[in-house]
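Chain by chain, the residues run as shown.
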Amino acid sequence: MEKRIINPWTWQDDRNYAQAVEVKKAQSTLYVSGQTAIDDNGVTSNADMRTQIIKTFENLEKVISLADFEVKNIVRLNVYTTDHPAFFENFDIWQSWITKHGIQQASNVIEVKTLYETLKVEMEATVVK
């Protein structure tokens, strides 16, 4: 698989995403449903935004690994949140996680009115190999 990052500017680098990602010669593509802060028993979290972001990343990693893909090969990562300001107050978690895995992905952060039960954040990913 070959990835090419397209960034006509440099300002997005501080926000840890790419304007576009081209993929050539992919063997397979994994489309990951929105992952949230739900535990192994299906219980939704009522914790704060920071805790929910951390758990969401844990769940995202679990699904990707179980599918025999690598987190570093995420090419699209979209975020849905019920509280845009709270998400960005905890943006350091996002930046650390993206940096830790060496990901360069296309992304959107979208504020929504509600998510399932008590959830504050949901992330969906596209991963290639």
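Summarised in this report is the structure supplied together with it.

About the thresholds
- Residues numbered from 1 in each chain as written.
- Predicted model: local features only at pLDDT ≥ 70, side-chain atom pairs only at ≥ 80, totals over all residues.
- Heavy atoms only, no water.
- Helix = DSSP H or I, 4+ residues; strand = E, 2+ residues; numbered from the N terminus.
- Rg over C-alpha atoms; globule rule 2.2 N^0.38 Å.
- Buried < 20%, exposed > 50% of the residue type's maximum accessible area, 1.4 Å probe, protein only.
- Areas by Shrake-Rupley, 256 points an atom, 1.4 Å probe, with all protein chains shown as cover.
- Lys, Arg positive; Asp, Glu negative; His and termini not counted.
- Charge placed at Lys NZ, Arg CZ, Asp CG, Glu CD.
- Arc of directions from axis to C-beta.
- Contact = heavy atoms within 4.5 Å.
- Salt bridge = Lys/Arg side-chain N within 4 Å of Asp/Glu carboxyl O.

### A word on the overall build of the protein chain
Then step 1. Each helix and strand counted, the protein chain has 3 helices and 6 strands in total.
Then step 2. Scanning the protein chain from its N terminus toward the C terminus, one meets helices and strands in the order β-β-β-α-β-α-α-β-β.
Then step 3. Compactness check: the protein chain gives a C-alpha radius of gyration of 14 Å against a globular reference of 14 Å for 129 residues, within 12% of the reference.
Then step 4. Each of the three principal axes of the protein chain carries a C-alpha extent, and together these read 40 × 35 × 25 Å.
Then step 5. For the protein chain, the residues scored as buried account for 37% of the 129 residues in total.
Then step 6. A total of about 7300 Å² of accessible surface is found on the protein chain, and carbon and sulfur atoms cover 48% of it.
Then step 7. The distance from the centre of the 14 positive side-chain charges to the centre of the 18 negative ones in the protein chain is 6 Å.

### Focus: helix α3 (residues 91–101)
Then step 1. Turning to α3, its buried residues number three or more, namely Phe-91, Ile-93, Trp-94, Trp-97, Ile-98 and His-101. Axial view of α3: buried residues confined to an arc of 155°, hence all on one face. Turned more than 90 degrees away from the buried face of α3 sit Thr-99 and Lys-100, all of them exposed.
Then step 2. Contact partners of the buried residues in α3: α1 (49–66), β4 (74–81), α2 (84–89), β5 (106–111) and β6 (121–128).

### Topic: unusual backbone geometry
Then step 1. With phi around 65°, Asp-68 is a residue other than glycine that occupies positive phi space.
Then step 2. The exposed category is assigned to Asp-68, whose relative accessible area is 57%.

### Notes on the pattern of salt bridges
Then step 1. Evaluation of the coordinates by the stated rule reveals 8 salt bridges.
Then step 2. The salt bridge involving Glu-22 is made with Lys-24; its shortest N-O contact spans 3.9 Å.
Then step 3. On the basis of relative accessible area, Glu-22 is assigned to the partly exposed category, the value being 26%.
Then step 4. The salt bridge involving Lys-129 is made with Asp-68; its shortest N-O contact spans 3.8 Å. Highlighted residues: Lys-129 in the segment after β6 and Asp-68 in the loop between α1 and β4, separated in sequence by 61 residues.
Then step 5. Several salt bridges share partner residues, and in doing so they unite Arg-4, Glu-22 and Lys-24 into one network.

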